[in-house]
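Results of the structural survey
This is what each chain is made of:
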Amino acid sequence: MADPGASGRGSAHADTDGVRDRLGARTIVLVGMMGCGKSSVGRLLAARLKLPFVDADTEIELAANLTIQEIFARHGEPYFRAGEHRVIARLLGQGPQVLATGGGAFMNPETRKLIAESGISVWLKADFETLFERVSRRANRPLLQTPDPAGVLKRLMALRDPVYAQADVAVDSRNVPHEQVVSDVVSALDAHMRKNDDE
């Protein structure tokens, strides 16, 4: 369950060395809605922790030799989700690293189980206005290719947010410099790991 106290404002001087050391072979897995900043925050987080960064969607496209949009168009969402699960399962065996997942990945119970076993999940939580403003900048979101993208996004958030809340920690992804969100993530991970060490 996401730590409700982990979404506060973090310190830029959080213990990055301690987080990296206690991570062991695990992967830091970023989850959340499209537009919450998983890729951009993930790259900066990986750089700060001196870990590799991997984007699951990029790896899926490489494995299929198709773009995400093409996979959806040609084969449908169930086919994409099955491939997504296989790719994430493979990537989780390559830790320690920072892994950004697609918005629907954490909805798969088997994928969540794998993440719980091999990683620490971080929900980048953002409100509707922030998400819609961000996703409206790009036309490559297959689930939003609809006459009512705002309505679809609201329905997806209502469906997915309770599942994202099962992540180990939650951090507010808001319209501040990404480095601030990265600091919040490091602080949240540090607090989560210290708490687990004490139990």
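Our structure's up above, just so we're on the same page.
Given the structure is predicted, the values throughout are model-derived calculations rather than measurements. (Residues numbered from 1 in each chain as written. Predicted model: local features only at pLDDT ≥ 70, side-chain atom pairs only at ≥ 80, totals over all residues. Heavy atoms only, no water.)

**Here's the deal with helix H6 (residues 109-118)**
Applicable threshold: Under the scheme applied here, a residue whose accessible area is under 20% of the maximum for its type counts as buried, over 50% as exposed, and between as partly exposed, the area being computed with a 1.4 Å probe on protein chains only. What counts as a helix is a DSSP run of H or I of at least four residues, what counts as a strand is a run of E of at least two, and both are numbered from the N terminus. Starting at the helix axis, one direction is taken to each C-beta atom, and the arc is that of these directions. Residues count as neighbours in contact if any of their non-hydrogen atoms are within 4.5 Å of one another. Whenever two N or O atoms come within 3.5 Å, that pair is a polar contact, provided that in protein one can donate a hydrogen and the other can accept it, and provided that, for residues adjacent in sequence, both atoms are side-chain atoms.
Along H6, the residues classified as buried are Thr111, Arg112 and Ile115. Considered in projection along H6, the buried side chains sweep an arc of 100 degrees and stay on one side of the axis. Residues of H6 that are exposed and angled more than 90 degrees away from the buried face: Pro109, Ala116 and Glu117. Summarising the contacts, the buried residues of H6 are in contact with strand E1 (27-31), helix H5 (77-92), strand E4 (119-125) and helix H8 (149-164). Between the side-chain oxygen of the N-cap and the backbone nitrogen of glutamate 110 there are 2.8 Å, and the N-cap of H6 in question is asparagine 108.

**Digging into helix H3 (residues 56-64)**
N-cap assignment for H3: the residue whose side-chain oxygen lies 2.9 Å from the backbone N of aspartate 57 is aspartate 55. Directly beyond the C-terminal end of H3, a positive phi value near 55 degrees is found at asparagine 65.

**Remarks on the side chain of glutamate 84**
Looking at the element boundaries, glutamate 84 is found in helix H5. For glutamate 84, a relative accessible area of 3% corresponds to the buried category. Discounting chain neighbours no more than four positions away, the residues touching glutamate 84 are Asp57, Ile60, Gly102, Gly104 and Ala105.

**Regarding the environment of serine 183**
Mapping serine 183 onto the fold places it in helix H9 (residues 178-198). Spatially, the C-alpha atoms of serine 183 and threonine 16 are 9.3 Å apart, while their sequence positions differ by 167 residues.

**Some remarks on the pattern of salt bridges**
Put simply, the test is: Salt bridge, as used here: a side-chain nitrogen of Lys or Arg that lies within 4 Å of a carboxyl oxygen of Asp or Glu.
Applying the stated rule across the entire model yields 10 salt bridges. A salt bridge links aspartate 190 to arginine 22; its shortest N-O distance comes to 2.5 Å. Of this pair, aspartate 190 sits in helix H9 while arginine 22 is found in helix H1 (residues 16-23), placing the two residues 168 residues apart along the sequence. Given a relative accessible area of 11%, aspartate 190 falls into the buried group. Residue arginine 22 is classed as partly exposed on the basis of its relative accessible area of 23%. Between glutamate 117 and lysine 113 there is a salt bridge whose closest N-O contact spans 2.8 Å.

**Quick notes on the sheet that holds strand E2 (residues 53-55)**
Short version of the rule: Here a strand pair is declared whenever DSSP counts at least two bridges between the two strands. Orientation is described by axes fitted as lines to C-alpha atoms, over the contacting stretch for helices, and by angles from 0 to 180 degrees between their N-to-C directions.
With parallel pairing, the 5 strands of this open sheet are ordered in space as E2-E3-E1-E4-E5. The open sheet terminates on both sides in strands that have one partner only, identified here as E2 and strand E5 (169-172). The average angle at which neighbouring strand axes cross in this sheet is 25 degrees, direction not considered. Bridging between E2 and strand E3 (residues 97-100) involves 3 bridges; their strand directions are parallel. Of the residues in E3, the one forming a bridge with valine 54 is leucine 99. Contacts from H6 reach E1 and E4, with the element oriented near 120 degrees to E4.

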